[in-house]
There are 4 protein chains.
Amino acid sequence: MSTDRVLKAGVLGATGTVGQRFIVLLAQNPMFSIHALGASERSAGKAYVLATKWKMSEQLPEEVRNVIVHPCAPEHFGGCDVIFSGLDASVAGDIEKAFFEADFAVFSNAKNYRMHPDVPLCVPVVNTDHYAVVAGQRQARRLKRGFIVTNSNCSTSGLVVPLKALQDRFGALQRVMVTTMQAVSGAGYPGVASLDILDNVVPLIPGEELKMEEEVLKILGGVAADGAACTPLTDLRVSATCNRVPVIDGHTECVSVEFAGTPPSIEEIKQCLREYTCEVQDLGCFSAPKHVIYVAEDEDRPQPRLDRNAGNGMSVTVGRIRKCPVFHVKFTLLVHNTVLGAAGASILNAEYAAKKGYI
Amino acid sequence: MSTDRVLKAGVLGATGTVGQRFIVLLAQNPMFSIHALGASERSAGKAYVLATKWKMSEQLPEEVRNVIVHPCAPEHFGGCDVIFSGLDASVAGDIEKAFFEADFAVFSNAKNYRMHPDVPLCVPVVNTDHYAVVAGQRQARRLKRGFIVTNSNCSTSGLVVPLKALQDRFGALQRVMVTTMQAVSGAGYPGVASLDILDNVVPLIPGEELKMEEEVLKILGGVAADGAACTPLTDLRVSATCNRVPVIDGHTECVSVEFAGTPPSIEEIKQCLREYTCEVQDLGCFSAPKHVIYVAEDEDRPQPRLDRNAGNGMSVTVGRIRKCPVFHVKFTLLVHNTVLGAAGASILNAEYAAKKGYI
Amino acid sequence: MSTDRVLKAGVLGATGTVGQRFIVLLAQNPMFSIHALGASERSAGKAYVLATKWKMSEQLPEEVRNVIVHPCAPEHFGGCDVIFSGLDASVAGDIEKAFFEADFAVFSNAKNYRMHPDVPLCVPVVNTDHYAVVAGQRQARRLKRGFIVTNSNCSTSGLVVPLKALQDRFGALQRVMVTTMQAVSGAGYPGVASLDILDNVVPLIPGEELKMEEEVLKILGGVAADGAACTPLTDLRVSATCNRVPVIDGHTECVSVEFAGTPPSIEEIKQCLREYTCEVQDLGCFSAPKHVIYVAEDEDRPQPRLDRNAGNGMSVTVGRIRKCPVFHVKFTLLVHNTVLGAAGASILNAEYAAKKGYI
Amino acid sequence: MSTDRVLKAGVLGATGTVGQRFIVLLAQNPMFSIHALGASERSAGKAYVLATKWKMSEQLPEEVRNVIVHPCAPEHFGGCDVIFSGLDASVAGDIEKAFFEADFAVFSNAKNYRMHPDVPLCVPVVNTDHYAVVAGQRQARRLKRGFIVTNSNCSTSGLVVPLKALQDRFGALQRVMVTTMQAVSGAGYPGVASLDILDNVVPLIPGEELKMEEEVLKILGGVAADGAACTPLTDLRVSATCNRVPVIDGHTECVSVEFAGTPPSIEEIKQCLREYTCEVQDLGCFSAPKHVIYVAEDEDRPQPRLDRNAGNGMSVTVGRIRKCPVFHVKFTLLVHNTVLGAAGASILNAEYAAKKGYI
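Residues numbered from 1 in each chain as written. Chains lettered and ligands numbered in written order. Predicted model: local features only at pLDDT ≥ 70, side-chain atom pairs only at ≥ 80, totals over all residues. Heavy atoms only, no water.

**Re the domain arrangement of chain A**
Buried accessible area, meaning the area lost when the parts come together, often serves as the stated size of an interface.
All names here are of chain A.
Here is step 1 of the chain: Each domain of chain A was delimited in the assignment, giving domain 1 (7–153 + 343–355) and domain 2 (154–336).
Here is step 2 of the chain: Distance from the C-alpha centre of domain 1 to the C-alpha centre of domain 2: 24 Å.
Here is step 3 of the chain: Facing the 33 residues of domain 1 at the interface are 39 residues of domain 2.
Here is step 4 of the chain: For the domain 1 and domain 2 pair, buried surface summed over both sides reaches about 2900 Å², with 62% attributable to carbon and sulfur atoms.
Here is step 5 of the chain: Along the contact surface separating domain 1 from domain 2 lie 2 salt bridges.
Here is step 6 of the chain: With a shortest N-O distance of 2.8 Å, Arg 114 and Glu 215 are connected by a salt bridge.
Here is step 7 of the chain: At the junction of domain 1 and domain 2, the tally comes to 20 residue pairs in polar contact (both at pLDDT 80 or more).
Here is step 8 of the chain: Of all the secondary-structure elements, those providing two or more residues to the side of domain 1 that touches domain 2 are helix 1 (17–27) and helix 11 (339–355). (Domains from an automatic or database assignment. Contact = heavy atoms within 4.5 Å. Buried area = accessible area lost by both parts, 1.4 Å probe. Salt bridge = Lys/Arg side-chain N within 4 Å of Asp/Glu carboxyl O. Polar contact = N/O pair within 3.5 Å; in protein donor to acceptor, adjacent residues only side chain to side chain. Helix = DSSP H or I, 4+ residues; strand = E, 2+ residues; numbered from the N terminus.)

Shown next as structure tokens:
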């Protein structure tokens, strides 16, 4: 299809934290119009303004206020060109399946299908080449237009960006150690209790570490020659430790990397990160950031409050790039967990799909 | 000397954050009486209550309110059995030297003398055996009763405790990677600006990483057979990344450890940490914690707000002990940065010195 | 009864925020032993350590860890001399009734019976004279030993303390305007979502303002000559505005007061507050604070983090006492909302009841 | 002058918190180009990017990075059409005087000239009629083009907006009681120490209450018939209590109002606030907000994190409009303290001055 046409978007889980971010971003995006909203039975039948407890610092877009919320079933989303899912994993499995089997193009933030071999786990500034498995996915499931593309866990989204740049330029990575300090918005609403996070750090985010360790391997891996399946890396070992900190938005990650081969110099690494570009930029996608990676100038950056909105939340900021006394290089990165780490990635994935004719 | 006698204590830097903590802890400690207080020229001559901006949540001890603050010079500290220094590194070098050369027993929190080969860098629940160099220190500097003992950087204090337990039981460690999330009290007052830390993380604490990487080697190392010098480890490699987070007190540290030899099981590690004891406990020192290490039961612990006061701030809490996909074991620890990490360690060092006849 | 006997205490709602505070305080109190714990059906039958998610910074008392939690029904509390209720208002009505009708002495934090004319709404450092209605309460409800005494809303607890002192000394008050900044612990756990309170203020606490406006009148009022009922003030007008702020414990309240008669000077007011004493102090109750009111010396106090533990949380700190350009005097007060504002008040109420022979 | 011409702006105090906000706002404003930057001697001679520690979450505008910072003296600001001052009051008096006496149009955030009878204290959405005194100001000081216009204290800025609307519609106000919860950005950088504000409230902002109480009277007052002086209200009594809370940006204010005459209904008040418009809107000034006042729909609003950016920080959000048991009406308002409360007001004042030919 031509990308000149405005795509009609449906949003599943529209009243949740990720759903609200979808609405803010879609309302600013000329490629999409918000066509249908889905949420739980409790919200169904209500105007959006009444069904949701709006928690964004941006105002609720005028055109969405009175849209009637529907149950998350395909029959209510007729006419939608694309479905964005901000559903919780507890319900996303069945609902998303219903949609792609009903021949919708589904872009999901949930973890349920991320590790399926024929489902792209796509951070759009990193591995759009994984769309190659979509054809096989359709064939296997006998879909005509329908398919599902997932984006990664919010912490993974930030991590893979500099790792991809390094891997492309300097060859395989051998070991990666990452410790995160994650924002509370990543847990949704009401999510983290204030008694747990004021003057505090919570050193556990259930399931998060395993997700990061697995997803990195798939995203940095390739696709089988026949396009039938993604082929995760097998030689890279990743160890993730995930913490929750009193920050609203923006995940900070401290990373140590060991290269498989001769390590580059710190200067070469900085240059590599600065120069990294990707396909969605080349295609001129609306949500593609001008710079995929900002290399912070000041040595006390990145900081979530100051850097999370870099590139409208679609850029990753990397700082403190220095030698690691144990591995080869250490750095600290920042990713906006609900933009590049969630809704923004889905939307850019959809823009890419449209540009490439998948929609 | 007999430890039955109450020791007269002088506190240098008494109006600062560490100094205030010294005063709170000494006021509760039957082994010491507060005899003299020292601060900058600006405070000298004033009653303590007027010279200080009291920031502790404990009330200012009644007996200290009207103590006159003196300049930090030995002539004002006559009669003191022990000198505690909470001075900033920018002035500690000369002042502490003046005191130990004037034959005072000095217990310092500053970094200035930590790495001197004949100065114990002593975390009192870890390496009191380093006091062996005190005799040589006195001899070399022709001191009769005077000497200086330092305690470590606040982050180091927490890290070395489980590492020491593991090294003692399972042999040498090969590589350690640690990422910290440090409380603002570690930066003193006014210290970290609120605009820098509300809804934010600062990924840099100048000088801190190097301190950790060096100090660990000295503390976990030994003493030369002739007692002339400390002999830091040379085979252990440590990589530290230090962050500031919006927490008042309590440093959280995420640690990965690789053993030089066959790694123990997770259960063996837990047991080792639970069973760890040390000399200051055996001696019945007043400030020695009942448990040096608490192994957290809940998998979302330790948390600074909930665990920093374990053992009155003198215990280290260790949790999330699990296999590391890259090294052998990962865990998260918590240390009260101004108690075991600063004033509390100095005081326990002095209790030890008294028990062992150094004072 | 003699108060030498240790009273056996039952705690209803033992796993909640107020319940946990009860347990911490009771474990430190020589007048009570914890005899039985009650919680919802979901917790019943479990050891306390397994039934609760412990959120106090004090360690879970050893003697409570393995106490089996029961449903909140009188048959499980046989042998208890006193029942403390930290139940939520949604269930407190029926359960507390069942207990006092089963002839238990019930001390409740819930709002359900506070405004009943024959139920004391007692802030123990303010209006223990309201116990006079207990006899009538028993008679009317045909109870032998059973009765119920409530304590006030946490914000009310702080406000009435200086108001009572002023009223006693300077006569009736005419108008009071109060704006609160309340801690998140007042909302229980999980309570306030972190997304609602980090870098934020919530200007509404549902129902709170009305509670304050009503309860003050009852507490500062008297008891009918025949002891049959409390007689709230009718001439005082109170306007309350309640806000939630990012503070863990400690409610701060900005108060303006207009006296009915000639207003005292600021110095007279300070002296009056400093000199205020009450019956529980005279009786030597264990939890009675040494000073009911601390008048802050520094003009930037009280502050919740620094002053909430004054008098072990049982004192109120008052500062910034100054002329009001609109009314007569303005000041700012601080009360520990879960100690004097909740569990601590209940316990002191029970100590008083025991001393006076009600139990 | 025609407003089609882009005005060349100089910024004094350009490296401070208000100065950085000026730069962010001016860079987005088509009416102005940043022509010269002034700061302390320490910064003078450096490129702006090196002289400042940039703390805004917006990126440093590219065109400002390499502008050389000058000392704050008129000779360095030749060619500037307008001077914006974000100077601290400790230096603003002399420097601003030097500028307006050198015939510059000065728009100041400092308090130094606010209460001068012939200096407009102008919240641009409230009292642009006070510009009438500018002619006399010039005459008295023998200035040709120079003059000074001040904007109010940040807390005053929010308060006067609804008060002006009410006074215009319902006649004189008699008494106003206001309690504020103010953001840390109001204290500049480094400003409030993190140890003072994490898990805390500071109940004092030195000098702030008096400023509010005085400034409101001047702003809501008029101008003498001969235009020679502002004529503050004399019959309105205002009592302000100011607190600092852990919020980055946005002052929340709880207000009670008593009308001199018959009070309007709550519905009439809501309608009045919603309908309020002002001259800068009529003139089509670029920075004029679409709505001067937003009346919040939800009863738990306004909240600083969610509402501070309403109208790009130039609108005031008012919520919780309800009867006051003591006065006539209570409400809670929110103002962005560094936009409408500081730099944004100055800029809109300058836009107004340009439209009206003062520049």
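**Focus on the relation of the copies chain B and chain A**
In summary, the two copies of the chain are related to each other by a rotation about an axis coupled with a shift along it.
Here is step 1 of the chain: Laying chain B over chain A is done by rotating through 180 degrees and shifting 0.0 Å along the axis; what remains is an RMSD of 0.0 Å. The transformation just described matches what one would write down for a two-fold rotation axis.
Here is step 2 of the chain: The residues that chain B uses at the interface reappear at the interface of chain A in 100% of cases, marking a shared surface. (Least-squares fit on C-alpha atoms with pLDDT ≥ 70 in both.)

**Focus on the side chain of His251(A)**
All names here are of chain A.
Here is step 1 of the chain: Its place among the elements puts His 251 in strand 11 (residues 251–259).
Here is step 2 of the chain: A distance of 3.3 Å separates a polar atom in the side chain of His 251 from a polar atom in the side chain of Gln 182.
Here is step 3 of the chain: A distance of 3.0 Å separates the side chain of His 251 from the backbone nitrogen of Ala 183, its partner in a polar contact.
Here is step 4 of the chain: Residues within four places of His 251 in sequence aside, it is in contact with Cys 154, Ser 155, Met 181, Gln 182, Ala 183, Arg 244, Leu 333, Leu 334, Val 335 and Asn 337.

**Topic: the side chain of Glu213(C)**
Here is step 1 of the chain: Among the secondary structure elements, Glu213(C) is positioned in helix 7 (residues 208–220).
Here is step 2 of the chain: According to the relative accessible area criterion, Glu213(C) is buried, its value standing at 14%.
Here is step 3 of the chain: Apart from residues lying up to four places away in sequence, Glu213(C) is in contact with Val238(C), Ser239(C), Ala240(C), Pro325(D) and Lys330(D). (Buried < 20%, exposed > 50% of the residue type's maximum accessible area, 1.4 Å probe, protein only.)

**Thoughts on the interface of chain B and chain A**
Here is step 1 of the chain: With 48 residues of chain B at the interface, the matching set in chain A holds 48 residues.
Here is step 2 of the chain: Where chain B abuts chain A, roughly 3700 Å² becomes buried across the two surfaces, and 55% of that area is made up of carbon and sulfur atoms.
Here is step 3 of the chain: The interface formed by chain B and chain A includes 8 salt bridges.
Here is step 4 of the chain: One salt bridge in this structure joins Glu209(B) and Arg320(A), with 2.6 Å as the shortest N-O distance.
Here is step 5 of the chain: If you look at where chain B meets chain A, you find 26 residue pairs in polar contact (both at pLDDT 80 or more).
Here is step 6 of the chain: Among the elements that line the side of chain B that touches chain A, the one with the most residues is strand 10 (residues 237–244) of chain B, at 7 residues.
Here is step 7 of the chain: Within the side of chain B that touches chain A, the residues separate by chemical class into 23 nonpolar, 9 polar and 16 charged. (Nonpolar A, V, L, I, M, F, W, Y, C, P; charged D, E, K, R; others polar.)

**So, the sheet that holds strand 4 (residues 82–85) of chain D**
Sheet strands associate in pairs through backbone hydrogen bonding, adopting either a parallel or an antiparallel arrangement.
Residue and element names in this part refer to chain D.
Here is step 1 of the chain: Reading across the sheet, the 6 strands line up as 3-2-1-4-5-6 and stay open at both edges, with parallel pairing between neighbours. In this open sheet, the two strands that pair with only one neighbour each are strand 3 (69–71) and strand 6 (147–150). Neighbour-to-neighbour, the strand axes of the sheet open up by a mean angle of 30 degrees, direction not taken into account.
Here is step 2 of the chain: One ladder, built from 4 bridges, connects strand 5 (residues 105–108) with strand 6; its direction is parallel. (Pairing = 2+ DSSP bridges. Axes fitted to C-alpha atoms, helices over the stretch in contact; angles between N-to-C directions.)

**Points about the UniProt feature "domain: Semialdehyde dehydrogenase NAD-binding" (unreviewed entry) in chain A**
Here is step 1 of the chain: Taking the UniProt record as the reference, the feature "domain: Semialdehyde dehydrogenase NAD-binding" (unreviewed entry) is found at residues 8–134 of chain A.
Here is step 2 of the chain: Spanning residues 8–134 of chain A, this segment combines 23% helix with 19% strand, and its end C-alpha atoms are found 21 Å apart. (UniProt positions renumbered as here; feature names shortened; annotations may be inferred.)

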